[in-house]
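# Close look at the chain arrangement
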Amino acid sequence: MTDLALSSSLALAATHPDPAFPRFHPRPALGWINDPNGISFINGRYHVFFQYNPSSARHSQINWGHVSSGDLVRWEEHPVALSPQAGGPDSAGCWTGVVTSDDGVPTAAYSGIKDHGGHSQVVIARGSADLLTWEQNGHVAASMPEDPLVTAVRDPFIFRFNGARYAMQGAGLCDGRAALLLYTVDHMDSWQYQGIWLTTADPVAAEHTPAEIWECPQLVEVPLSSGGSTWVMMFSLWLSGDDHEHANGVGYLTGSLSADPATGLPVFAPASGGKADLGRDFYAPQIVQLAYSAGSAAASVPAPAALLWGWANEGPGRDGRRGRTQEEIDDAGWSGVLTHPRVLSVVDGALTVTPAPEIEAYRGAAVAEGAAGSVAVPAFAEVLVRGSASGSVELVLGSGAGAQMVYSGSLAAGEELRIFIDASLVEVYRVGSVATTLRAYPAPGEEWQLTLPDGATADVWQLSLPE
């Protein structure tokens, strides 16, 4: 593949007619996207699949879209990987799932929806070695459990523990609790239900991950800053009537994984938790675990590391920000964007999130160095804020009566913030903490303005595609 081909997805974004269309987060030029799926690293390439409706900017008849990259910077868009099969278990949509290697064969396990509003089943598809072509024969590995407590099931995730392969699905129970279901997976074609694994009856889970259904469950081993590792569970917190509003966002639990002395099955014991992102416009992340060697020479990332992508949806404005109506979204012809890849670690029992160091390759010309006070910021920019005294940082879109406060946060002495603006997507990373994901839509002629407290400075770079 040529460098031109590798960067084709982002290069085309630069000429998109909608000024709100992100240029540095790969996605198709048109259509709806949501949850990242099947994230994997195979033969030196990162593959990111995602729920995708190529026909409209609405959530319907979901396929799996597909992009890949060798360096997390230059992305190539591929043909649709999975599509609904007429009369099959996924006739109403190929929803969230994972890609794993099954005896060397790339294998997708995903939620198939046969009837709109119906229960999901775990459907299996087999891929080619390069993940570019897929065989769908409608094979179902797990159906709705015959458990009277379980009323909703979705989003399979596969993990390994003590040399064995397991799977879990998010669920809702008839008594209103959110739950995880556990499966043994001796054979990918036939999963064995082991029962309800964890619920919001657990006090730690109830405090940090309250929901009626746990969606998009994740379980990975994450490095500790002090050495060693811990286990992190992550859930998207579904409530009745969410309709892509996601008021509870995404939560996580840290804890230990051990073997039950009687059955040998894994037991997860939560110890603490929190929010995986502080913005309202973040949902359905997926994590891939790998022995990750950061491309940036300045970076020092423990291995094995966990990389996360999340989904930022369109929608009504919040907290004084203008949003887009469904009619405006239809006119634009696209909806949804994935975040930058994020590296996860745990410091003093709390999750920390940083942008993958490779993202620094998007830094172009310096717009400002050591700026103070009020700083103009381009529509496609990276900002590094450093504080020498406590105060508040504000990012505003526009001016006068129509100005929108997009981000406002405290800054302590010695603290750093990294802010990425990609048209209508804003990602704020607080060093030593989690990120804040936000959407805001510039009107023609509107500019971004950053206001810094006394003693704080900002370096600003224009984003550009590397040659």
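### Quick word on the overall build of the protein
- Broken down by element type, the protein carries four helices and 32 strands.
- Since a compact globule built from 467 residues should have a radius of gyration of about 23 Å, the 22 Å found for the protein is in line with a globular shape.
- Along the first, second and third principal axes, the C-alpha atoms of the protein reach 60 × 45 × 40 Å.
- Put simply, of all contacts in the protein between residues at least 6 apart along the chain, 60% involve residues at least 24 apart.
- Surface exposure of the protein reaches about 17,600 Å², of which carbon and sulfur atoms provide 51%.
- Counting 23 positive and 50 negative side-chain charges, the protein places the centres of these two groups 2 Å from one another.

### Describing the pairing of strand β22 (residues 350-355)
- In terms of strand pairing, strand β21 (residues 342-347) meets β22 through six bridges, oriented antiparallel. Within β22, the position partnered with V343 by the bridge is T354.
- Connecting the antiparallel pair β21 and β22 is a turn made up of two residues, with D348 showing a positive phi of about 50 degrees.

### Topic: the environment of P79
- With respect to the secondary-structure elements, P79 resides in strand β4 (residues 75-82).
- Taking the C-alpha atoms as reference points, P79 and V67, twelve residues apart in sequence, are found 8.7 Å from one another.

### Considerations on the packing of aromatic side chains
- A complete count under the given rule lists 16 aromatic pairs for this structure.
- Ring geometry for F21 versus W334: centroids 5.0 Å apart, planes at 80 degrees, classification edge-to-face. In this pair, F21 is assigned in the loop between α2 (8-13) and β1 (31-42) and W334 in strand β19 (residues 334-335), connecting sequence segments 313 residues apart.
- Here F21 falls in the buried class, since its relative accessible area comes to 2%.
- When its relative accessible area of 0% is taken as the criterion, W334 is described as buried.
- Both rings, one in F159 and one in Y166, keep their centres 5.7 Å apart while their planes meet at 25 degrees; by these two values the pair is stacked.

### Focus on the sheet that holds strand β8 (residues 134-142)
- Taken together, the four strands give an open sheet; going across it, the order is β5-β6-β7-β8, and neighbouring strands pair in antiparallel fashion. In this open sheet, the two strands that pair with only one neighbour each are β5 (94-102) and β8. The average undirected angle you get between the axes of adjacent strands in this sheet is 30 degrees.

### Topic: the pairing of strand β9 (residues 150-161)
- With nine of its twelve residues buried, β9 lies for the most part within the structure.
- Between β9 and strand β10 (residues 164-173), which pair antiparallel one after the other, the connecting turn spans two residues, and N162 there sits at a positive phi close to 50 degrees.

### A word on the side chain of H78
- With respect to the helices, strands and loops of the structure, H78 is situated in strand β4.
- Here S68 takes part through its side chain, which lies 2.6 Å from a polar atom of the side chain of H78.
- Beyond its immediate chain neighbours, meaning those up to four positions away, H78 contacts H66, V67, S68 and L132.

### Describing the sheet that holds strand β16 (residues 266-275)
- Strands sit in the order β13-β14-β15-β16 across an open sheet of four strands; the sheet is antiparallel. Each end of this open sheet is capped by a strand with a single partner; those strands are β13 (213-223) and β16. Strand-to-strand twist across the sheet, computed as the mean angle between neighbouring axes with direction ignored, equals 30 degrees.
- Direction of pairing for strand β15 (residues 250-259) relative to β16: antiparallel, over a ladder of nine bridges. In the sheet register, T254 faces β16, and the bridge partner there is S272.

### Brief notes about the pattern of salt bridges
- All chains considered together, the criterion is met by 18 salt bridges.
- Among the salt bridges present, the one from E427 reaches R342, with a minimum N-O distance of 2.9 Å. Separated by 85 residues along the polypeptide, E427 in strand β29 (residues 425-430) and R342 in strand β21 bring together distant segments of the chain. Taken individually, E427 and R342 each receive the classification buried, so the pair is uniform in this respect.
- When the shortest N-O distance is used, the salt bridge between R418 and E382 registers 2.8 Å.

### With respect to unusual backbone geometry
- Although it is not a glycine, D103 adopts a positive phi angle of roughly 55 degrees.
- With respect to the element layout, D103 can be found in the loop between β5 and β6 (105-113).
- Residue classification places D103 among the exposed positions, given a relative accessible area of 79%.
- We note that C216 has phi near 45 degrees; this positive angle belongs to a residue other than glycine.

### A look at the confidence of the model for the protein
- The predicted model of the protein averages 92 in pLDDT, with 94% of residues at 70 or higher.
- Counting interchain partners and residues more than four positions distant, the pLDDT-below-50 stretch residues 1-7 has eleven contacts.
- Overall, residues 295-302 carries pLDDT values under 50, and its contacts beyond four positions in sequence, including any with other chains, amount to eleven contacts.

### Points about the nonpolar core
- Of all hydrophobic cores here, the largest spans 90 residues; its most connected members are F159, W191, W197 and L219.
- Counting residues per element, this core draws most heavily on strand β11 (residues 178-187), which supplies seven residues.
- Grouped together as the second largest cluster of nonpolar side chains are 26 residues, A371, L395, V428 and A456 included.

### Digging into the environment of D281
- For D281, the location among the structural elements is in the loop between β16 and β17 (283-290).
- Taking relative accessible area as the criterion, D281 reaches 3% and is therefore assigned buried.
- Residues D281 and N313, 32 residues apart in the sequence, show an inter-C-alpha distance of 6.1 Å.
- Not counting chain neighbours up to four residues away, the residues in contact with D281 comprise W311, A312, N313, R318, R321, T437, L438 and R439.

Here is what the cut-offs are and how they apply
- Residues numbered from 1 in each chain as written.
- Predicted model: local features only at pLDDT ≥ 70, side-chain atom pairs only at ≥ 80, totals over all residues.
- Heavy atoms only, no water.
- Helix = DSSP H or I, 4+ residues; strand = E, 2+ residues; numbered from the N terminus.
- Rg over C-alpha atoms; globule rule 2.2 N^0.38 Å.
- Contact = heavy atoms within 4.5 Å.
- Areas by Shrake-Rupley, 256 points an atom, 1.4 Å probe, with all protein chains shown as cover.
- Lys, Arg positive; Asp, Glu negative; His and termini not counted.
- Charge placed at Lys NZ, Arg CZ, Asp CG, Glu CD.
- Pairing = 2+ DSSP bridges.
- Phe/Tyr/Trp six-rings, centres within 6.5 Å; stacked < 30°, edge-to-face > 60°.
- Buried < 20%, exposed > 50% of the residue type's maximum accessible area, 1.4 Å probe, protein only.
- Axes fitted to C-alpha atoms, helices over the stretch in contact; angles between N-to-C directions.
- Polar contact = N/O pair within 3.5 Å; in protein donor to acceptor, adjacent residues only side chain to side chain.
- Salt bridge = Lys/Arg side-chain N within 4 Å of Asp/Glu carboxyl O.
- pLDDT = per-residue confidence, 0-100.
- Core = buried A, V, L, I, M, F, W, Y, C linked by side-chain atoms within 4.5 Å.

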